[in-house]
Amino acid sequence: MSGRARTVLILTGATGLVGRAVARRLAGTERTLVLAARRPATLEALVADLGPEARAHPVVCDVTRPPQVEALMDTARTLGTVAQWVHATGLEVAGDLDQGSVEAWREMLEVNLLSAATVGRAFAAACGRRGGTAVWIGSRRSSWASPGDAVYAASKAALSSLAASFRAEPFAARLRLTLLEPAVVAEGRGAVLRPDDVAAAVAWLLDLPRAVEVTLLRLRHPGDRRPRPPRPRA
Ligand SMILES: NC(=O)c1ccc[n+]([C@@H]2O[C@H](COP(=O)([O-])OP(=O)(O)OC[C@H]3O[C@@H](n4cnc5c(N)ncnc54)[C@H](OP(=O)(O)O)[C@@H]3O)[C@@H](O)[C@H]2O)c1
């Protein structure tokens, strides 16, 4: 590419179900992809799968470690103009509230919530005055309750609150941020979203005109129904 530096997109959680689909969808577009996750072998396998045309760079990064987040951003800066970020990092540890592990809850909050803040501020700094576009993958669980994964749901509700406050921060004034909340995502059949469906929505968001900011996008499969609470017995 001559003259202009290439747009760099950072994809955190690149090796997950959703992240892989987003990487495949964006590979071959006019972007350099910085693919981040913790496990090097899985990252390398993804890069190999995407092929050389994808211009994908693996970066090992634990998003709960601020120095690693800074190093991720430094690497991204060396590759072109940092302008886009998709946050598909996530952790869901199911378990009833009366029995769950406090350590697991803490880790979920770090991965699902705090990482958006630490990567977010580093991303805003990397974009600088040019601004940029971010998509955070939340969950429909942000707004409804059911037993079995209360802290996961709470982490997604808090992510929604964080997104609103993030937009209000002066340092983020030049960023567009979408919270994308899918219902259940799975490969195969059934009334669920496919990873490619989520990736298509991400690609659409990234390509919207710069003057348009979608703040919240909820995705569901038309056949999907929220489970009803059990009827009280007479
Ligand atoms: N799957 C669903 O049904 C569904 C539905 C609604 C919303 N979502 C949300 O969509 C997002 C992606 O979900 P998914 O199903 O693709 O999850 P996943 O398959 O479990 O993938 C999680 C990704 O996050 C990375 N990761 C986890 N902890 C990390 C850490 N501390 N530092 C850096 N990377 C870390 C994992 O790679 P490493 O382990 O190698 O680090 C992996 O790339 C999550 O936010 C999830 O809550 C998922």
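Predicted model only: the values in this text are computed from it and were never measured.

## Section: the site of the ligand
Surveying the vicinity of the ligand reveals 26 residues, the closest of which are Gly13, Gly16, Ala37, Arg38 and Gly90. Take the shell around the ligand: its biggest share by element is 3 residues, from helix α1 (residues 17–26). Of the residues that constitute the shell around the ligand, the class distribution is 13 nonpolar, 9 polar and 4 charged.

## Examining helix α5 (residues 150–168)
Because the α-helix completes a turn every 3.6 residues, residues three or four places apart line up on one side. Look at α5: 28 Å from first C-alpha to last across 19 residues, which is about the 27 Å you get at 1.5 Å a residue. All of the buried residues in α5 are Val151, Tyr152, Ser155, Lys156, Leu159, Leu162, Ala163 and Phe166. Buried residues of α5, seen end-on, are gathered within an arc of 140 degrees and therefore sit on one face of the element. In α5, the exposed positions angled more than 90 degrees off the buried face are occupied by Ser161, Ala164, Ser165 and Ala168. Summarising the contacts, the buried residues of α5 are in contact with α4 (102–127), β5 (132–137) and β6 (175–182).

## Points about α1
Burial runs high along α1: 7 of the 10 residues are buried. Taken together, the buried positions of α1 are Val18, Gly19, Arg20, Ala21, Val22, Ala23 and Leu26. Directly after α1, the chain includes Gly28, whose backbone phi takes a positive value near 90 degrees.

## Digging into unusual backbone geometry
A positive phi angle, near 50 degrees, is found at Arg55, a position not held by glycine. Following the sequence through the fold, Arg55 ends up in the loop between α2 (40–50) and β3 (56–60).

## Comments concerning the sheet that holds strand β2 (residues 31–37)
Pairing is parallel across the open sheet formed by 7 strands, whose spatial order is β3-β2-β1-β4-β5-β6-β7. In this open sheet, the two edge strands, each paired with only one partner strand, are β3 and β7 (216–219). The mean inter-strand angle of the sheet, taken between neighbouring strand axes irrespective of direction, is 20 degrees.

## Focus: the packing of α4 against α5
A packed helix pair is summarised by two numbers, namely the angle formed by the two axes and the spacing between the axes. Interaxial distance between α4 and α5 falls to 9 Å at its minimum, and their mutual angle equals 15 degrees. The orientation of α4 with respect to α5, classified from their angle, is roughly parallel. Relative to α5, the crossing made by α4 is right-handed. Along its contact with α4, which presents Trp105, Met108, Leu109, Asn112, Leu113, Ala116, Ala117 and Gly120, the element α5 presents Val151, Tyr152, Ser155, Lys156, Ala158, Leu159, Leu162 and Phe166. Across the contact of α4 with α5, the residue classes break down as 12 nonpolar, 3 polar and 1 charged.

## With respect to the pairing of β6
In terms of residue burial, β6 counts as a mostly covered element, since 8 of its 8 residues are buried. Residues Leu175, Leu177, Leu179 and Glu181 line one face of β6 and the alternating positions Arg176, Thr178, Leu180 and Pro182 line the opposite face, and both faces are buried. Sheet analysis places β5 next to β6, joined by 6 bridges and oriented parallel. Its bridge partner being in β6, Val135 is matched across the sheet by Thr178. For the crossover that starts at β5, traverses α5 and ends in the parallel β6, the hand is right-handed. Relative to β7, β6 runs parallel, the two sharing 4 bridges. From the neighbouring strand, Leu180 faces β7, where its bridge partner is Leu217. For the segment spanning β6, helix α6 (residues 195–206) and β7, crossover handedness is left-handed.

Thresholds applied
Residues numbered from 1 in each chain as written. Predicted model: local features only at pLDDT ≥ 70, side-chain atom pairs only at ≥ 80, totals over all residues. Near = placed C-beta within 6 Å. Helix = DSSP H or I, 4+ residues; strand = E, 2+ residues; numbered from the N terminus. Nonpolar A, V, L, I, M, F, W, Y, C, P; charged D, E, K, R; others polar. Expected span 1.5 Å × (residues − 1). Buried ≥ 20, exposed ≤ 12 C-beta atoms within 10 Å, placed from the backbone. Arc of directions from axis to C-beta. Contact = placed C-beta atoms within 7 Å. Pairing = 2+ DSSP bridges. Axes fitted to C-alpha atoms, helices over the stretch in contact; angles between N-to-C directions. Parallel < 35°, antiparallel > 145°, perpendicular 65-115°, else oblique. Left-handed = near helix turned anticlockwise from the far one by under 90°. Right-handed = clockwise from strand over helix to strand, strands pointing away.

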